[in-house]
Amino acid sequence: MRIIVVGASAAGQFTALLLARAGHEVVLLDRDPVEPASDIEAAASEFRPAVPQFVQPHIVLPRCRLLLRQALPDVYDALLAAGAGEATLASAMPPTLSDRASQVGDEEYTSVATRRSTLDWVLRRALAGQPGIQAQGGVRATGLLTRPGSPPRVTGCATTGGELAADLVVDATGRRSAIDSWLQNAGARGSRTVQAECGLAYYSRHYRFRPGAALPGPETTRVVLSLSEFTTGIWGSDNRTMLLTICPLAEDKRFRRLADRSVFTAVANTVPMLARWLPAMDPISGIYPMGGLRNSMRRLAVDGVPVATGLAAVGDSVCTTNPTFGRGLALALQGAIDLAGLLDEYGEDETGLAQALDNLVTRNVEPFYLDQAANDGRRLTELRHTLFGAPAPETTPLEDRVTFAALRAAMPFDAIVFRAFWQVMGMLAKPDDVYTDPDVVARTQHVLRSLDTAPAMTQPTRAQLEAAL
C-alpha cells in the first residue's frame, strides 16, 4: 500500500517507521527539514515556532515506554544510548511513604527522562536508515485529493510540490491540523471535535547540572506542584539536563513578566522545592513561552459513519491534552500501532478500517481526554476562585470513587494509593477503573481523613510572589 503521512512530528515518525516495517511504501511530508541534526545538542537548538511544545518538558511515560520496547525496540535502545535515563518507580517515592518495599510488576512503572528534541533526533536517525520511507522536507500539504462518493474517497493530497497519489493519507500535523478545511473543500462532512479548557500558560527553561554539584534528588526527578496561584514542576531529562516550568492561569496577567529571565528565576526561588535545585544547575536556554492550549478530541466518524475513506489521523491531530501530564507521546505511539495493526486486518475494506479506527479512539483515547478535561476543569475553578473570587469548586463527597486530586493528596502516605496514582499518571490503566477500585477508594479516604490536621504545603505567600514578579 502507498501511504502518505503528513507531518514529521513524533506521531508522524512513529507511524512512518511502523508502516514501512510492515511492508508499506511511505511518503513522509513536513514543512520543515526532516534530516537529523548533527548531534543531540544541535537538535536541542532547533526551535520551531510552529511547534512550541518541542522545547517544553516531555517524558516517556510508562505506557509509552512499554509500547516502544514492544513495537520499536531499536528506537528505545537508541534513546537510552543517546543519554536518556530510566526513572524507576522507587525513584519517585516521596520520603513520607513508609512502605517502600518493591512489588512484582514495579518495573512496568518505569518512565524515561528525555528532552523532546533528543527523542526526535533518535527517531529521525531511525527514519534516515529505514528502507521504504521517502521523507520530503520543505513540503507543505495544502489539501486532499478525492473521488466523489458518499462518503468521498481520499486518493492522495495536494502539496506545494504538486499532487501525490496514495491509497491512504494519514494526518499527523498536530493540534493546528487543517484537516477540517481539507474535508470541507473536498465536499465531505466535517469531523466531530470536542474541546475543553486547559487554561494554563507555560514558561519553561532548560538547565544542565553543574559538574560536581550535589543534587537534591535523582537526575530523573519529575515533580509537579499545584500551588495556590500557579502550577510548577521540574523534569529531569537526558545528558544531565533538567527542564523547569512555571504554569500560571493564562488570564493572570501578572505572570507575563516571566519572559524576563531574572523574574523567572526570582519566582522559581519562591518555591522551596525549586530553590533546592537551582544552585546545582546552570541555565542553557532562554525562557520558552507557550499558550493557547486546549484539550481536544477529533473523530473522523460521525454517528458511526466515516467522514471520508482512505483517511486516518494520529497523535495531536486526534487528541491534545494538557502537556503537564505528558500523555501526548503515548497516545501518538498507540495510534500509530493501532493503525498499522488494522491495516493488516482490514486490507481493502476501507469503510471497515475507518470505523475500526474510530472504535479505537473510543477505547484508547477518550478515557484519557475525559479525565484530563475533568482534572483541568477543577484546577481552573480552584485558581479562579483563589485569584478572582469566582465560585469555589463543588465539594460533594464521593462514596464509591475518588478523584485524581484525592489520589495526588493521599499517595505520599500509602503504598497502594501511590501505585494507583502512578497507574493513572503512567497511563497503565484507564483512569475511571482506578478511581472506582474499592481498595483504592477505601485507602484514599482513610488517608485523607487522617490528613485533616496535617500541615499545608510550603509555598510562597502572595506578597512574596508579587515581589518576585
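Above this text is the structure in question.
Now for a quick tour of the structure. Predicted model, so just to flag it, every value in this text is computed and none were measured.

## Points about the overall build of the protein chain
In terms of regular secondary structure, the protein chain is built from 15 helices and 22 strands. Overall, the protein chain is about 65 × 50 × 45 Å in size when its C-alpha atoms are taken along their principal axes. Counting across all 469 residues of the protein chain, residues that qualify as buried make up 56%. Taking the contacts inside the protein chain whose residues are at least 6 apart along the sequence as the reference set, 76% of them involve residues at least 24 apart. With an accessible surface of roughly 19600 Å², the protein chain has 51% of that area assigned to carbon and sulfur atoms.

## Considering the pairing of strand β7 (residues 141–147)
Direction of pairing for β7 relative to strand β8 (residues 153–159): antiparallel, over a ladder of 6 bridges. The residue bridging L145 from the neighbouring strand is G156, located in β8. Counting the residues that bridge the hairpin from β7 to β8 gives 5 residues.

## Observations concerning the sheet that holds strand β1 (residues 2–6)
An order of β6-β2-β1-β10-β21 is seen for the 5 strands of this open sheet, with the pairing classed as parallel. At either margin of the open sheet sits one strand with a lone partner, and together these are β6 (133–137) and β21 (311–313). This sheet shows a mean twist of 20° between the axes of neighbouring strands, independent of strand direction. Of the strands in this sheet, β1, β2 (25–30), β6 and β10 (168–171) are in contact with helix α1 (residues 10–21), which crosses β2 at around 165°.

## Description of helix α9 (residues 328–346)
With 19 residues, α9 extends 26 Å from end C-alpha to end C-alpha; this agrees with the ideal 27 Å at 1.5 Å per step. Two residues or fewer past α9, G347 is found with a positive phi of approximately 55°.

## Re the packing of aromatic side chains
Throughout the structure, instances matching the rule amount to 5 aromatic pairs. One aromatic cluster is present, formed by F325, F404, F421 and W422 through successive ring pairs.

## A look at the nonpolar core
Within the largest apolar cluster, 88 residues are counted, with the highest numbers of intra-cluster contacts made by I4, F14, L183, L311 and L339. Top contributing element to this core by residue count: α9, with 10 residues. Not counting the four nearest positions on each side in its chain, L183 is found in contact with L144, A188, R189, S191, L300, V307, A308 and L311. One finds M242, L274, M281 and I287 within the second-largest nonpolar core, a separate group that totals 27 residues.

## Quick notes on the sheet that holds strand β18 (residues 294–299)
Within the open sheet, the 3 strands sit side by side as β11-β18-β22. Their pairing is antiparallel. Of all the strands in the sheet, just β11 (192–197) and β22 (319–320) have a single pairing partner and so form its edges. Those strands touched by helix α10 (residues 350–388) are β11, β18 and β22, and its axis lies near 160° from that of β18.

## Brief notes about unusual backbone geometry
In this model, S150 is joined to P151 through a cis peptide bond whose omega is 10°. Note that P151 resides in the loop between β7 and β8. We note that N239 has phi near 50°; this positive angle belongs to a residue other than glycine. Assignment of secondary structure puts N239 in the loop between β14 (230–236) and β15 (241–248). According to the relative accessible area criterion, N239 is partly exposed, its value standing at 30%. Phi angles above zero are rare outside glycine, and R240 is one such case at about 60°. When you line up the elements, R240 lands in the loop between β14 and β15. R240 sits in the partly exposed class, given a relative accessible area of 31%.

## Remarks on the pattern of salt bridges
Within the structure shown, the criterion is met by 28 salt bridges. One salt bridge in this structure joins D358 and R299, with 2.8 Å as the shortest N-O distance. You can see D358 sitting in helix α10 and its partner R299 sitting in strand β18, a full 59 residues away along the chain. As far as the burial class goes, D358 and R299 line up, both buried. Taken together, the shared-partner salt bridges connect E229, D252, R254, R462 and E466 into one network.

## Comments concerning the environment of F209
Considering the arrangement of structural elements, one finds F209 in strand β12 (residues 202–209). Distance in space between the C-alpha atoms of F209 and E345 is 49 Å, their sequence separation being 136 residues. Excluding anything up to four places from it in sequence, F209 contacts L215, E219, R240, T241, M242, W277, A280 and M281.

## Regarding the environment of A373
Tracing the backbone shows A373 in helix α10. Between the C-alpha atom of A373 and that of D338, which follows or precedes it by 35 residues, the distance is 24 Å. The residues contacting A373, other than those within four sequence positions of it, are A196 and N295.

## Looking at the side chain of D358
For D358, a relative accessible area of 11% gives the class buried. Side-chain polar atoms of D358 contact the side chain of R299, separated by 2.8 Å. Apart from the residues lying within four places of it in its own chain, the contact partners of D358 are R299, L300 and A301.

## Quick notes on the packing of helix α3 (residues 62–71) against α9
For the pair α3 and α9, interaxial distance at closest approach is 8 Å and the crossing angle is 35°. You can see that α3 and α9 cross each other, and the crossing is left-handed. Facing α3, whose interface residues are R63, C64, L67, L68 and A71, α9 presents L329, A330, L333, Q334 and I337. Of the residues assigned to the contact of α3 with α9, the class counts are 8 nonpolar, 1 polar and 1 charged.

## Regarding the packing of helix α4 (residues 73–81) against helix α5 (residues 116–128)
In contact at an axis separation of 10 Å, α4 and α5 are set at 130° when each is read in the N-to-C sense. Of the possible angle classes, the one that applies to α4 and α5 is oblique. Crossing of α4 against α5: the hand is right-handed. Residue-level inspection shows V75, A78 and L79 of α4 in contact with α5, the latter providing T118, L119, V122, L123 and A126.

Criteria and thresholds
Residues take numbers from 1 onward in each chain, read along the sequence in its written order. In keeping with the predicted nature of the model, local features appear solely for residues at pLDDT of at least 70, side-chain atom pairs appear and are counted solely at 80 or more, and the whole-chain, interface and lining totals rest on all residues. Side-chain calculation: all heavy atoms of the structure are included, whereas hydrogens and water are not. Helix and strand definitions follow DSSP, with helices as H or I runs of at least four residues and strands as E runs of at least two, each counted in order from the N terminus. Accessible area is worked out with a 1.4 Å probe on protein chains only. A residue is then buried under 20% of its type maximum, exposed over 50%, and partly exposed in between. In this description, contact between two residues means that some pair of their heavy atoms is separated by no more than 4.5 Å. All accessible areas in this document rest on Shrake-Rupley with a 1.4 Å probe, and a residue is counted as covered only by the protein chains that are shown. At least two bridges found by DSSP between two strands is the condition for calling them paired. Note on geometry: axes are C-alpha line fits, over the in-contact stretch for helices, and angles between N-to-C directions span 0 to 180 degrees. To estimate the expected span of a helix, subtract one from its residue number and multiply by 1.5 Å. Here the aromatic set is Phe, Tyr and Trp, taking the six-membered ring for Trp, and pairing holds for ring centres within 6.5 Å; pairs whose planes are under 30 degrees apart are stacked, those over 60 apart are edge-to-face, and all others are tilted. As used in this record, nonpolar core signifies buried Ala, Val, Leu, Ile, Met, Phe, Trp, Tyr and Cys residues forming a set joined through side-chain atoms within 4.5 Å. Every case where a carboxyl oxygen of Asp or Glu lies within 4 Å of a side-chain nitrogen of Lys or Arg is listed as a salt bridge. We define a polar contact as two N or O atoms separated by no more than 3.5 Å, with the added condition that, inside protein, one atom must be a possible hydrogen donor and the other a possible acceptor, whereas residues neighbouring each other in sequence contribute only through side-chain atom pairs. For a crossing to be left-handed, the near helix must be turned anticlockwise from the far one by less than a right angle; the clockwise case is right-handed. Ten residues, namely Ala, Val, Leu, Ile, Met, Phe, Trp, Tyr, Cys and Pro, are considered nonpolar, four, namely Asp, Glu, Lys and Arg, are considered charged, and the remaining ones, Gly among them, are considered polar. To sort the angles, those under 35 degrees are grouped as roughly parallel, those over 145 as roughly antiparallel, those from 65 to 115 as roughly perpendicular, and the leftovers as oblique.

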